[in-house]
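# Structure assessment
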Protein chains: 4
Amino acid sequence: MGRTVTETGAQLSPVRLTTGRLEAFSDGVIAIAATLLVIELNPPAPGEQLWEAVAHELPAMAAFAVSFLTILIFWVNHHALFAGVRRADRGVLFLNGLILLGISFISYPTAVLGQALQTETHAGPAALLYGLVLLATSAAFTVLWAYLSRHPQLLHPGVQPASALRRSLAGPLLYGLASITALVNAAVALVVVALVAGFFALPPRWRGRGPA
Amino acid sequence: MGRTVTETGAQLSPVRLTTGRLEAFSDGVIAIAATLLVIELNPPAPGEQLWEAVAHELPAMAAFAVSFLTILIFWVNHHALFAGVRRADRGVLFLNGLILLGISFISYPTAVLGQALQTETHAGPAALLYGLVLLATSAAFTVLWAYLSRHPQLLHPGVQPASALRRSLAGPLLYGLASITALVNAAVALVVVALVAGFFALPPRWRGRGPA
Amino acid sequence: MGRTVTETGAQLSPVRLTTGRLEAFSDGVIAIAATLLVIELNPPAPGEQLWEAVAHELPAMAAFAVSFLTILIFWVNHHALFAGVRRADRGVLFLNGLILLGISFISYPTAVLGQALQTETHAGPAALLYGLVLLATSAAFTVLWAYLSRHPQLLHPGVQPASALRRSLAGPLLYGLASITALVNAAVALVVVALVAGFFALPPRWRGRGPA
Amino acid sequence: MGRTVTETGAQLSPVRLTTGRLEAFSDGVIAIAATLLVIELNPPAPGEQLWEAVAHELPAMAAFAVSFLTILIFWVNHHALFAGVRRADRGVLFLNGLILLGISFISYPTAVLGQALQTETHAGPAALLYGLVLLATSAAFTVLWAYLSRHPQLLHPGVQPASALRRSLAGPLLYGLASITALVNAAVALVVVALVAGFFALPPRWRGRGPA
């Protein structure tokens, strides 16, 4: 809030945006993307036994929970990235748009994967699609860090984009690993994605020494 | 807003998050979860009489209204909890994620219960599922208070996590009671959940002396 | 933002809520309720001519647009009301919850009315249901003003709840009129609701002298 | 946030609204409208091959992505416009409501276009409908600038509404061009809309000299 920059006032296409409002808008999109996931879950069909129906829905629920927590991790990363951004130009705006597009899209491969795990048909391709969408979304973060490292004037003093760029490669690498796992077993790929979310959420002392 | 802490700047995985933005994001998820409940209500099928169709939908509407008010109560509790949090570490972030996951998930058992009350099939199991999801969601609040009571450095001075932890047990106990009631009668279980929401909303002088 | 009151800190059930966060949460619910309306519109069925399908959908689109603008008017009234509230107690919280419940629910009678106008079956009862839901929602505002007029310590100095309460009766009266009109003609009732929204949006000099 | 104006306090129908809250509410509607687009995408039908199903869904995904980015551009324009607004009167409120109505409605022609491109039936009319809705939405911005240029007291000092009004004509002109293209080829019309979004997002040095 304190680092808003609105030098261009009432222009139709301002180069500089208040990062406060950009973050608030992004938060809105990410919160909605996470919460919308649940509408892909299906109540029991008429005549179906309730617990059987719920048990049948369990794989879709697992996919829902993993995607929900993954989107929360993306949100934390988004927050951490924009904590370092002093002002947003059009490139930041566009690349942030791609990140939000990716996050909004996650509900589609989640629904596909949940359905595939339920029906045990084409589960491998569904998990691969799921992994690739997460890979692309996390890669959009890396692209934005690469852009920021070439435009350091957009960053707060003291932010080191080169090391942030290197660390941001963890996302694409881990989701790439999950995608490769999907070629072997779909459920294991979902577990890998869950572990990635868990790893990011773990307190640092439980995962060795590190800057965070 | 005034107690944001961003010591780690542009790290990929910051331990400390601005609680202001964490609350705003959580508010977004909770508001969406409450508002999305309505899309489970079904307009009359073609050829159905309108008032008959509305009367037929009444149990689903009751489940909608009770879940809506319950989510509002969860929101108040969330607000009260974070009013005491000075800064969020990764554990707070993860446990808050579980709370949001639970609240987002409520629309599923609400839809199941509404449908079960309408068709008068497997209403007992549906109410039990509903009660257990509310139990788990309120238990996530208790777990977060337990975590905070073991990390008092995350709290504002003067906050007493031990008594907050004790009081937070009211949620799991009451939703546990609702779950047991569900084994006897589904509609009564829904009434119990409605009474819990009403109890939290009542002015203190109408429910005896108390700290609130 | 400047009038937040958090005297009770980390209690589980605080009597006093920051009105800033209560407004932000309410804004979220109202924005979602307005935007969700559109998912009730149906793309053409396979084989249907596009313009015929769009023309066939026009009554549902009219209901969508009228409900959207009506929810915006409710939002303005909500904003005006909370501009006068200094702090929120549990009664304000609960009555605000009823307002939000009503606004969230509007998509249901909107879908019913749109479908009824399309199929030209039970349009009268559908318009009556629509009018009654708007009547109930606007009456919740009146009840909240009545509550505030009996608890003036919750208001900012200078706010006159008695006259606000009188003016707030316009909503229930106008939506009551729309409901009565529904008994005669459904489309005319929708026009009446549209005129109410237009009346609130009109600049004051176009509707005679008035305080606003 | 710093330019809120609440002179009318607790009136039911205030002429002046805090632009901060008006912007936050509009942000919410726009974020939801963008994120809701994804629910129009359909997972594979039972028995369908996954990659075939995804390939079959590609036109709908393209329409989703283009509409998503277009809504983001509308958001930037909305932000730029309100950066110049000092206070909102009822006319601003009403015209802003029309802008939000248009943006919320975009998911409908997007779904229609996606379906038409998939089934290769009535794709031309669907693209025309799509272009016309974008034309109408961007025209609402022009109307709001025209209103503001006739009410300069609502603007911050230094804002030049006449030139902003001229520049705001780019939207209707470009979407009018897309609509005309739709009469020839639906896919090309979608590409034109994508190019408009890309043009707005391009850094200024890549598109010749200009004020932004």
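Residues numbered from 1 in each chain as written. Chains lettered and ligands numbered in written order. Predicted model: local features only at pLDDT ≥ 70, side-chain atom pairs only at ≥ 80, totals over all residues. Heavy atoms only, no water.

Looking only at helices and strands, chain A has eight helices and zero strands in total. Secondary structure elements in chain A, listed N-terminal to C-terminal, are α-α-α-α-α-α-α-α. Looking at the 212 residues of chain A, the share that counts as buried comes to 62%. Within chain A, counting contacts between residues at least 6 apart in sequence, those at least 24 apart form 71% of the total. For chain A, the accessible surface area stands at approximately 7,800 Å², while carbon and sulfur atoms represent 66% of it. (Helix = DSSP H or I, 4+ residues; strand = E, 2+ residues; numbered from the N terminus. Buried < 20%, exposed > 50% of the residue type's maximum accessible area, 1.4 Å probe, protein only. Contact = heavy atoms within 4.5 Å. Areas by Shrake-Rupley, 256 points an atom, 1.4 Å probe, with all protein chains shown as cover.)

Another point: the environment of Ala63(B). Residues and elements named next belong to chain B. Among the secondary structure elements, Ala63 is positioned in helix α2 (residues 50–83). Using a relative accessible area of 0% as the deciding quantity, one classes Ala63 as buried. Distance in space between the C-alpha atoms of Ala63 and Ser107 is 9.7 Å, their sequence separation being 44 residues. Look past the residues within four positions of Ala63 in its chain and what remains in contact with it is Thr110, Gly114, Tyr130 and Leu190.

The full count for this structure, using the stated rule, is 24 aromatic pairs over all chains. Taking the centre distance of 6.0 Å and the plane angle of 55° together, the rings of Phe64(A) and Phe68(A) count as tilted. Of this pair, Phe64(A) and Phe68(A) both sit in helix α2 (residues 50–83), four residues apart, which is roughly one turn of that helix. Judged by relative accessible area, Phe68(A) falls into the buried class, the value being 0%. Between the aromatic rings of Phe74(B) and Tyr175(B), the centroid separation amounts to 6.1 Å while the plane-to-plane angle is 45°, which identifies the pairing as tilted. Here Phe74(B) is found in helix α2, whereas its partner Tyr175(B) is found in helix α7 (residues 170–182), with 101 residues between them in sequence. A network of ring pairs unites the aromatic residues Phe64(A), Phe68(A), Phe105(B) and Tyr108(B) as a single cluster. (Phe/Tyr/Trp six-rings, centres within 6.5 Å; stacked < 30°, edge-to-face > 60°.)

Attention shifts here to the interface of chain C and chain D. Many descriptions give the size of an interface as the accessible area lost when the pieces come together. In this complex, chain C contributes 46 residues to the contact, which on the side of chain D involves 36 residues. Between chain C and chain D, the buried area comes to about 3,900 Å², and carbon and sulfur atoms account for 73% of it. On the surface where chain C and chain D come into contact, there are two salt bridges. The shortest N-O distance in the salt bridge between Glu23(C) and Arg21(D) comes to 2.9 Å. Summed over the shared surface of chain C and chain D, the result is five residue pairs in polar contact (both at pLDDT 80 or more). Those elements giving two or more residues to the side of chain C that touches chain D turn out to be α1 (19–36), α2 (50–83), α6 (161–168) and α8 (186–201) of chain C. (Buried area = accessible area lost by both parts, 1.4 Å probe. Salt bridge = Lys/Arg side-chain N within 4 Å of Asp/Glu carboxyl O. Polar contact = N/O pair within 3.5 Å; in protein donor to acceptor, adjacent residues only side chain to side chain.)

Bringing the nonpolar core into the picture now. If you look at the biggest cluster of nonpolar residues, it comprises 296 residues, and the most contacted ones within it are Phe68(A), Phe68(B), Phe68(C) and Phe68(D). For Phe68(B), the contacting residues outside a window of four places in its chain are Ala34(B), Thr35(B), Leu37(B), Val29(C), Gly97(C), Leu100(C), Leu101(C) and Ser104(C). (Core = buried A, V, L, I, M, F, W, Y, C linked by side-chain atoms within 4.5 Å.)

Attention now moves to the pattern of salt bridges. It is possible for side chains of opposite charge to pair when their charged atoms get near one another. All chains considered together, the criterion is met by eight salt bridges over all chains. Connected through salt bridges with shared partners, the residues Arg21(A), Glu23(D) and Asp27(D) form a single ionic network.

Our focus in this paragraph is the side chain of His78(B). Inspection of the secondary structure assignment puts His78(B) in helix α2. When its relative accessible area of 0% is taken as the criterion, His78(B) is described as buried. What His78(B) contacts, discounting residues up to four positions off in sequence, is Ser26(B), Ile30(B), Asn96(B), Ile99(B), Phe141(B) and Arg21(C).

Residue and element names in this part refer to chain C. Contact geometry for helix α5 (residues 123–150) and α6: axes closest at 9 Å, N-to-C directions at 165°. Taken as axis vectors, α5 and α6 run roughly antiparallel relative to one another. Relative to α6, the crossing made by α5 is left-handed. Residues Thr142, Trp145, Ala146, Leu148 and Ser149 of α5 touch α6, and the partners they reach there are Pro161, Ala164, Leu165 and Ser168. Class assignment for the residues of the contact of α5 with α6 results in six nonpolar, three polar and no charged. (Axes fitted to C-alpha atoms, helices over the stretch in contact; angles between N-to-C directions. Parallel < 35°, antiparallel > 145°, perpendicular 65-115°, else oblique. Left-handed = near helix turned anticlockwise from the far one by under 90°. Nonpolar A, V, L, I, M, F, W, Y, C, P; charged D, E, K, R; others polar.)

This brings us to a nonpolar patch on the surface. Residues and elements named next belong to chain A. Taken together, the side chains of Ile180, Leu183 and Val184 present a nonpolar region at the surface, about 360 Å² in accessible area. Checked against the element boundaries, Val184 lands in the loop between α7 (170–182) and α8 (186–201). On the accessibility criterion, Val184 (71% relative accessible area) is exposed. (Patch = residues over 30% accessible without salt bridge, like charges linked within 9 Å, V, L, I, M, F, W, Y side chains within 5 Å.)

Turning our attention to the environment of Leu144(C). Looking at the secondary structure, you find Leu144(C) in helix α5. Sequence separation between Leu144(C) and Leu81(C) is 63 residues; the distance between their C-alpha atoms is 9.0 Å.

Time to look at the relation of the copies chain C and chain D. Its rotation angle being 90°, the transformation that places chain C on chain D also includes 0.0 Å of axial translation and leaves an RMSD of 0.0 Å. The operation mapping one copy onto its partner corresponds to a four-fold rotation axis. Taken as a fraction of all interface residues of chain C, those also at the interface in chain D reach only 7%, which identifies the copy contact as different-surface. (Least-squares fit on C-alpha atoms with pLDDT ≥ 70 in both.)

Residues and elements named next belong to chain B. Checked against the element boundaries, Ser179 lands in helix α7. Taking relative accessible area as the criterion, Ser179 reaches 5% and is therefore assigned buried. Within the local environment of Ser179, its side chain forms a polar contact with the backbone nitrogen of Leu132, the two atoms lying 3.4 Å apart.

With that settled, consider the confidence of the model for chain A. Residue and element names in this part refer to chain A. Here chain A averages 85 in pLDDT, while 86% of its residues score no lower than 70. Per-element confidence in chain A is highest for helix α5 (residues 123–150), whose mean pLDDT is 96, and lowest for α8, whose mean pLDDT is 88. Of the regions scoring below 50 in pLDDT, residues 1–15 engages in 48 contacts with residues more than four places distant in sequence or in other chains. Predicted confidence is poor over residues 206–212, with pLDDT under 50, and the contacts of this stretch with residues over four places away or in other chains come to 10 contacts. (pLDDT = per-residue confidence, 0-100.)

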